[in-house]
Amino acid sequence: MKNKILAGFLAMVLVGSNLAGCGSKDSSEDGKTKGTTISIECGFSGTQLEEFQKIVNSFTEKTGTKVQIITDGSDYEATMKTKMASNDLPDIWITHGWSVMRYSEYLMPLQDEEWYDKIDESILGAITDEEGKIYVLPVTEAVTGFMYNKDVMEKAGVDVTSIRTWEDFGEALGTIKAQLPEVTPLYMSCNKSGVNSYLLENIWPSLWTNEDVKDNQAEALKDGSFDWGKTKEVFEMLADWQESGYFNVDAVTAGATDAQQALGHGECGFLTFTTEYITSALTYNPEANLGVMPVPSSSEDGKSYFGVGEGNGGCFGIYKDTKHEKECKEFLDFMAEPENAKNLAEKVDGGIPALSDTVLETAYVQNAFKEAQEHWEGDLTYDNFFDRVYLPSGMWDVMGNAMTLFFDGNNCRNNIDGAVELIETNYKDLMQ
C-alpha cells in the first residue's frame, strides 16, 4: 500500500451513476441539492467498491447530491501523492492512516463538527495534531497485532494469554510445531499482501519506540541518526524461527487470500496484520474461532502493544479548497450516522468502529479486541502505527521488499545483511 511517488499518468476508474461535471450547482428542491456532484477518491475494488457504492447511492437518494467515486485499485497511495504534488485533489478522500502526517495541509479542520464527541478516545491521539485539530471523520479504526486461531491453540496446548515477551512467543511457535506438525505456526505472505511488512511493523516498536522501552530510539528515528545495525537482532530472531520451521515454505509467493484462508481454516496458528483480516478469514470459514493478541514486549517488565490508527478504508477528509464544502460536510454527517457507519465497518472496511454509537450486527472483531484488552489489562500500551510516525514516507514497500529478500532461498540467515542494507539505504535517501 505504501509506495514511493510514481510519476506520470495513472489510469483512473470512474465509478458512479450519472457522472456530471463537478463544478455545476443548481437550485434546491425538497431540501435536496440539484445538479451538484462531489468527488470521492478511495482505493476500493471488487466487493468493497460495490458495497461502498450502495452507501453512496443512499446518500444521493437522501440529499440529491451526486457522487463521483474515483478509485485506483493498483496504487492508491502513489496516486494521492501525485495529486498532492499537482494540487489536483478530489473533494473528499480516504486518508488511510495519514490525515495528520501527510494530508493535514490539504484538508479542512473538522474538530467543530457535531460527530466529534462520538470519536472513541483510543484513536483521538492518532488523528489530532499539536494544535488540537483533526482533519478526518474516523468511521473505523485499524488495530494491528497477532491474530490467532483459537482451536489451533487449544489443540496445541498454548495459552495465548500467558504470552508476554518475544521469548514466550517463540516458545508458543515451537509448541505448535511440535504438537501440530501439519500447521504453520506463523504464516507469512510476501506477495504484496502487507503481511510481511506488518511483522517488522509490530516487532520494531516493542524494541525501539514504545513508551516503556528503556533505550528508546524514537527521536533518533525521527532525526535520521538511528543506527540500522540494531535491526540485525530482529532478523536473527526471524532466522532462528525459519530454521525451526515456524514459517510456511511458500512465504515469498503466498498471497493475501492464502494467508486469510490459512487463518480461517486452522492451517496456521498466528498471522500478523490488522484485525480486518479476521473479517476476511471468516468469509472463508464462518465457523472459525479467532482472536487477536497484542504484540509481545522485548522485556519481562515491559508492556504488550497494540498499534491503533485510522481505518484503511473508513476515514474521510475534505479538501480545504473544495467548492462544495456544504455538500462534503453533509456526506461526512451521513457517514457518521450509526446505520451507515455500521454498513461501512461491516461490509467495506472490516475495521473496528471508531464512533461510540456504532453498533454492529456481527461484532466479532470488536469483541475479539475487547477480549484482548481485558486479558492484557494493566499490561498494554498503545501508539500510532510505527511506520507512519517514525519512517520517512512510511517506507512500506521498502519493508516488504526487505522481507521478500530475507525469505528468498532456503537460508534466511544468509540474507540478513542484504535486508538490513536495503532498509538503511532507503531510510537515509528518504531522510535527505
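The following paragraphs examine the structure supplied in this document. (Residues numbered from 1 in each chain as written. Predicted model: local features only at pLDDT ≥ 70, side-chain atom pairs only at ≥ 80, totals over all residues. Heavy atoms only, no water.)

1. Here we look at the overall build of the protein
To keep things clear, this is the line we draw: For the purposes of this entry, the term helix denotes a DSSP run of H or I that reaches at least four residues, the term strand denotes a run of E that reaches at least two, and both are numbered from the N terminus. The globule rule used for comparison is 2.2 Å times the number of residues to the exponent 0.38, while the radius of gyration itself is calculated over C-alpha atoms. Working definition: with a 1.4 Å probe on protein chains only, accessible area under 20% of the residue-type maximum means buried, over 50% means exposed, and in between means partly exposed. We call two residues in contact whenever any of their non-hydrogen atoms come within 4.5 Å of each other.
In terms of regular secondary structure, the protein is built from 16 helices and 15 strands. The C-alpha atoms of the protein give a radius of gyration of 22 Å, which matches the 22 Å a tight globule of 432 residues would have. Along the three orthogonal principal directions, the C-alpha set of the protein runs to about 70 × 50 × 40 Å. The buried share of the protein, taken over its 432 residues, is 58%. Of all intrachain contacts in the protein linking residues separated by at least 6 positions in sequence, the fraction that spans at least 24 positions is 76%.

2. Details of unusual backbone geometry
Positive phi, close to 55 degrees, is recorded for N87, a residue that is not glycine. Inspection of the secondary structure puts N87 in the loop between helix 2 (76-86) and strand 6 (92-94). A relative accessible area of 44% means that N87 is categorised as partly exposed. Of note in the backbone geometry, H96 takes a positive phi value of approximately 40 degrees without being a glycine. Assignment of secondary structure puts H96 in the loop between strand 6 and helix 3 (121-127).

3. Considering the packing of aromatic side chains
Two aromatic rings are characterised by how far apart their centres lie and by the angle between their planes. Condition: For Phe, Tyr and Trp, where Trp contributes only its six-membered ring, two rings pair if their centres lie within 6.5 Å, and the inter-plane angle classes them as stacked under 30 degrees, edge-to-face over 60, or tilted in between. A ring is considered to have a charge above it if a Lys NZ or an Arg CZ atom is located within 6 Å of its centre and within 35 degrees of its normal.
One pass over the structure, following the stated rule, counts 33 aromatic pairs. Residues F59 and F331 carry aromatic rings whose centres are separated by 5.1 Å and whose planes lie at 90 degrees to one another, so their mutual orientation is edge-to-face. Taken together, the residues F59 in helix 1 (residues 46-63) and F331 in helix 11 (residues 325-336) connect sequence positions 272 residues apart. Classification of F331 by relative accessible area gives buried; the value is 0%. Through pairs of rings, three or more aromatic residues link up here, namely F146, Y148, W166, F169, F235, W241, F247, F270, F406 and F407. Taking NZ or CZ as reference, R102 lies 3.9 Å from the ring centre of W98, over its face.

4. Description of the pairing of strand 5 (residues 66-71)
For a regular strand, side chains alternate in direction, first toward one face of the sheet and then toward the other. Test applied: Here, any two strands with at least 2 DSSP bridges between them count as paired. Crossover handedness is defined by viewing with both strands directed away from the observer: a clockwise path from the first strand over the helix to the second marks the crossover as right-handed.
Counting buried residues in strand 5 gives five out of six residues, a clear majority hidden from the surface. Here six bridges tie strand 4 (residues 37-42) to strand 5, and the two strands are oriented parallel to one another. If you follow I38 over to strand 5, its bridge partner there is V67. Taking the sense of rotation as the criterion, the β-α-β connection linking strand 4, helix 1 and strand 5 turns out right-handed.

5. Re the environment of Q261
When you line up the elements, Q261 lands in helix 9 (residues 256-264). Considered as a pair, Q261 and S280 are 19 residues apart in the sequence and their alpha carbons are 8.3 Å apart. In contact with Q261, not counting residues within four places along its chain, are E267 and Y284.

6. Quick notes on the nonpolar core
In plain terms, the rule: Nonpolar core, defined: a set of buried Ala, Val, Leu, Ile, Met, Phe, Trp, Tyr and Cys residues in which side-chain atoms within 4.5 Å join the residues together.
Core analysis: the biggest nonpolar cluster contains 89 residues, and F169, W204, F235, L238, W241 and F270 have the highest contact counts within it. Broken down by element, the residue count for this core peaks at eight residues, all from helix 6 (residues 195-208). With residues near it in sequence (within four places) discarded, F169 still touches F146, I163, L186, W241, F270, M293 and P296.

7. A closer look at the packing of helix 6 against helix 15 (residues 396-407)
As a reminder, the rule being used: Axis definition: a line fitted to C-alpha atoms, limited for helices to the stretch in contact. Angles are taken between N-to-C directions and run from 0 to 180 degrees. By definition in this entry, angles of less than 35 degrees are roughly parallel, angles greater than 145 are roughly antiparallel, angles of 65 to 115 are roughly perpendicular, and the rest are oblique. In this classification, Asp, Glu, Lys and Arg are treated as charged, Ala, Val, Leu, Ile, Met, Phe, Trp, Tyr, Cys and Pro as nonpolar, and every other residue, Gly included, as polar.
Where helix 6 meets helix 15, the axes come as close as 8 Å, and the angle between the chain directions of the two elements is 105 degrees. Here helix 6 lies roughly perpendicular to helix 15, going by the angle between them. Two secondary-structure elements touch here, helix 6 through N196, S197, Y198, L199, L200, E201 and W204 and helix 15 through W396, M399, G400, M403 and T404. Class assignment for the residues of the contact of helix 6 with helix 15 results in seven nonpolar, four polar and one charged.

8. What to know about the environment of F59
Classification of F59 by relative accessible area gives buried; the value is 0%. Placed 272 residues apart in sequence, F59 and F331 show a C-alpha to C-alpha distance of 7.1 Å. If we ignore the near neighbours within four places in the chain, the residues touching F59 are I38, G64, T65, V67, E327, E330, F331 and F334.

From the geometry alone we can't say anything about function, so treat these as descriptive.
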